Structure formats: C-alpha cells, structure tokens
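# Secondary and tertiary structure notes
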Amino acid sequence: MKLRCMAICCLLILNLSRCDGSVSVGATAVGLAGAALYAGFDKLRCTFYECCSNNANWVKPNMTALNIALEAQLHGQHLVRHVVSRALKAHLQNDNPSKALVMSFHGWTGGGKNYVSKFIAENMYKLGTKSQYVHVFVSTVDFPHEGKVDIYKLNLQDWIRGNVSRCERSLFIFDEIDKMPLGMINGIKPFIDYHESINGVDFRKSIFIFLSNTGGPDITRAMLKMWRSGKNREDISMVDLEHLTQLGAFNEEGGLHKSEIIQHSLVDHYIPFLPLERRHIELCARDEIIRRGHKATKDLIKKVADEMMYFPPENKLFSTTGCKRISQKVGFLLADEEYNRLFD
Ligand SMILES: *[C@@H]1O[C@H](CO)[C@@H](O)[C@H](O)[C@H]1NC(C)=O
Ligand SMILES: *[C@@H]1O[C@H](CO)[C@@H](O)[C@H](O)[C@H]1NC(C)=O
C-alpha cells in the first residue's frame, strides 16, 4: 500500500520524471485520505506544472496587459488594436460563447501579424507561446506537400480534438495559411462551427488565428487612394476596408481560397494590417535600440530608417518590409559604431 501510494505521489508530483530525490515529500503524505490526497496533489501539481484549471494561474487572460502591450509596442495599426482587443474581450468574458473565436490577419510581412499573435499568447497564458495550450502551425513547415492533404487533415483534426479535450481555452495559430494545401482548411470547419459539442468535447472556448500575406496589395491600393484624397491614416475605419473582404481580396489562391470556412462565414473577423510608413519604422527602430540597452539618438534612428526600402517610387510612402529585419539592421549599425569607436 505504502509503495503504491508513493508511486502515485511520485507520478503526480514529478509527472513521471525522476522519483529519487523527492521520496520524503511523498512519504510525509502517505497518511492522508485517498480523495483528499489526490485533490491535494493535483493542486500541488498545478502549482508546479502548467494546468488548464480555472483556479490555477496558468491560463489567465489579462486584457488590460494586452492593451498596454499593443498600445506601446504595435506601431501604426490602430484598426488591429481596436478589433483584436474587443473581439478577444467579448469572447473571453462569455462563459457560453456560440462558437470558437476565429480571427484572420491580413497584410504585408512586417506589419506585425506574428507580433500580435505573440502578445495574445503572452497575455492569455503564463507561459506565453511556450504554453502547452498554444499551438502554432506553419504551413510550409508542417504541411509542405500538396499530395499529403488527407493525412495532414486527419492529423490536424486529431490534434485539435486531443488538445481541446485537455484544455477548452486552447489557442491555435496557423501561420502562412495562404500556403496551406488547398482543401485542408476544411478539416478545421467542424471545430469552429456552431456546435455545442462534438463527441462530448466543446470547442467553443478555443481561439483560432489565421495569418496570411493575402490582401496586402489590395490594402495598400486602398490606403494610397485614401491618402491621395487627404484622409488621415488614423481616420481609416474598418468600414473603409470592408469592401475588400467582400471582394474576396483576402482569399486569393491557397489556404482559405474557396474554403467552406469562407462560404459559411465562420471567420468572425478579417483584420487588415496596414503597410507601415517611415515614422512607424522609426518607432520600431527606437524600441529595438532601447531593448538592446543603447541610447536611441535621433541620428541612429534616422540611420536605421534610411536603410529600409520604401514604395511606391513617386512618394516612398510605405516600407516594403515593415518592421521586419529592423532588429538585424539595428544590430549591424550598433556593431558598426562600436567598431568605429575602437579602431578609427
Ligand atoms: C493585468 O495586467 C495589469 C497591467 O500589467 C496589471 O496591473 C494587473 O495586475 C493584471 N491583472 C491581473 C489579474 O493579473
Ligand atoms: C496537441 O497538438 C500538438 C501539435 O501542436 C500535437 O503534437 C499533440 O499530439 C496534440 N496533443 C493531443 C493530446 O492530441
């Protein structure tokens, strides 16, 4: 009996890892009653190992913190800030949502799509993107072969089912969804549809985020048009870009293209990431310089911004790569300065 209990204790406490050094912890608890023991240890286990339970602190969305992070660190994306925080808040506060939350992020690279997904993970789970309840799939890495669509689809369904049965508040991020083999996305449909449960598993509290580069050119074209007519960037509203969704601009070839998910309107929010201007590049540069522990002088910020490329040729309004690669540029310029100081 004693041995068996100890084995169970070890199993609970150490999650099947080493049982050697901690035998005394298990031994002191041997006298406790079975049920209390189990509950106690389960609670104890949740203090050390990530748990999904409501009383543990591992899954604890903090929308205030998310708003602060987006406000301070996401530059030039007022629409994203506005929609993402409201959509999440509404879904998280609802104890009985009618379906899983599905957000589709669109726009050029470097606009901050990955960045925002990271912030969401970090402010929902204590372990952030390292949480076992956060699942990131990158099409070109996880689903590279067109010919294997059927296998991928089955695997993905198993994973979603398996993971949501372990934790209802799971977050699934699909990067490069535009590069996902055609037809595969339909495999997700049952999980994001209006079903109360499928074989006893309720998927409605989970969150799905799709990232893709589609829509970038259309968003930019619309932006240029508004810019020419004298409209301020900050005054652009979702309504101004809504027609793009209706035209299907966000659903060019691949991924969501002609998918049942689109046809059944299962995506709750299409969120456009606007192309960034030079002033936003400067803000990203400033953040990065400070993050590296250096003084963000005007001169240095200007140097970083000068290194980036801008389009269209006639007014060089937008950065071609957004804030992507800023980190490398800053790193290079700082190393260069250091070098000059030492050797010139
Ligand atoms: C949420 O985040 C804010 C800002 O970081 C912090 O002040 C607050 O204590 C957090 N709330 C909870 C419940 O952790
Ligand atoms: C959860 O998802 C991951 C992929 O992110 C997969 O490897 C794992 O097997 C899934 N777990 C379950 C229990 O299905």
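Structural notes, computed from the coordinates. Bear in mind the structure is a predicted one, so any value in this text is a computation, not a measurement. (Residues numbered from 1 in each chain as written. Chains lettered and ligands numbered in written order. Predicted model: local features only at pLDDT ≥ 70, side-chain atom pairs only at ≥ 80, totals over all residues. Heavy atoms only, no water.)

### Some details on the nonpolar core
The condition that has to hold: Within this scheme, the nonpolar core is defined by two criteria: the residues are buried Ala, Val, Leu, Ile, Met, Phe, Trp, Tyr or Cys, and they are joined through side-chain atoms within 4.5 Å. Burial status follows relative accessibility: with a 1.4 Å probe on protein chains alone, a residue under 20% of its type maximum counts as buried, one over 50% as exposed, and anything between as partly exposed. Every helix listed is a DSSP run of H or I at least four residues long, and every strand listed is a run of E at least two residues long, numbered separately from the N terminus. Contact definition: two residues touch when any of their heavy atoms are within 4.5 Å.
If you look at the biggest cluster of nonpolar residues, it comprises 31 residues, and the most contacted ones within it are Leu-88, Met-103, Phe-105 and Ile-120. Among the secondary structure elements, those contributing two or more residues to this core are helix 4 (63-73), helix 5 (78-93), strand 1 (101-106), helix 6 (113-124), strand 3 (171-175) and strand 4 (207-212). A per-element tally of this core places helix 5 first, with six residues. In this view, Met-103 contacts Val-84, Ala-87, Leu-88, Ile-120, Phe-208, Ile-209, Phe-210, His-269 and Ile-271; residues no more than four positions away in its chain are not counted.

### Focus: the packing of aromatic side chains
Cut-off, in case you're wondering: Within 6.5 Å between ring centres, the rings of Phe, Tyr and Trp (the latter by its six-membered ring) count as paired, and their orientation is classed by plane angle as stacked under 30 degrees, edge-to-face over 60, tilted in between. Either the NZ atom of lysine or the CZ atom of arginine qualifies as a charge over a ring when it sits within 6 Å of the ring centre and within 35 degrees of the ring normal.
Using the criterion set out here, one finds 14 aromatic pairs in the structure. Relative to Phe-311, the ring of Trp-108 lies with its centre 6.0 Å away and its plane at 75 degrees, an arrangement referred to as edge-to-face. Pair noted here: Trp-108 is in the loop between strand 1 and helix 6 and Phe-311 is in strand 6 (residues 310-311), with a separation of 203 residues, a long-range link. Note on Trp-108: relative accessible area 32%, which makes it partly exposed. Ring centres 5.8 Å apart and planes at 5 degrees place the aromatic pair Phe-137 and Trp-159 in the stacked group. In this pair, Phe-137 is assigned in strand 2 (residues 134-138) and Trp-159 in helix 8 (residues 149-166), connecting sequence segments 22 residues apart. Residue classification places Trp-159 among the partly exposed residues on the basis of a relative accessible area of 42%. Here the aromatic cluster, defined as three or more aromatic residues joined through ring pairs, consists of Phe-137, Phe-143, Tyr-152, Trp-159, Phe-172, Phe-174, Phe-208 and Phe-210. Across from the ring centre of Tyr-194, 5.9 Å away, lies the NZ or CZ of Lys-99, which sits over that ring.

### Concerning the site of ligand 2
Convention followed: Residues are labelled near a given molecule or strand when at least one of their non-hydrogen atoms is within 4 Å of it. N or O atoms within 3.5 Å of each other form a polar contact, as long as, within protein, one can give a hydrogen and the other can take it, and as long as residues adjacent in sequence are counted only when both atoms are side-chain atoms. Areas reported as accessible are Shrake-Rupley estimates using a 1.4 Å probe. Residue values count occlusion only from the protein chains shown. Classification convention: Asp, Glu, Lys, Arg as charged; Ala, Val, Leu, Ile, Met, Phe, Trp, Tyr, Cys, Pro as nonpolar; all other residues, Gly among them, as polar.
Looking at ligand 2, the residues that line it are His-135, Phe-137, Asp-158, Trp-159, Gly-162, Asn-163 and Arg-166. His-135 is positioned with one of its side-chain polar atoms (N or O) 3.1 Å from an oxygen atom of ligand 2. Between ligand 2 and the protein, one listed contact pairs an oxygen atom with a side-chain N or O atom of Asn-163 at 2.3 Å. When isolated, ligand 2 has an accessible area of 360 Å², and the protein chains bury 58% of it. Looking at the shell around ligand 2, the elements with two or more residues in it are strand 2 and helix 8. Looking at the shell around ligand 2 element by element, the count peaks at five residues for helix 8. Of the residues assigned to the shell around ligand 2, the class counts are two nonpolar, three polar and two charged.

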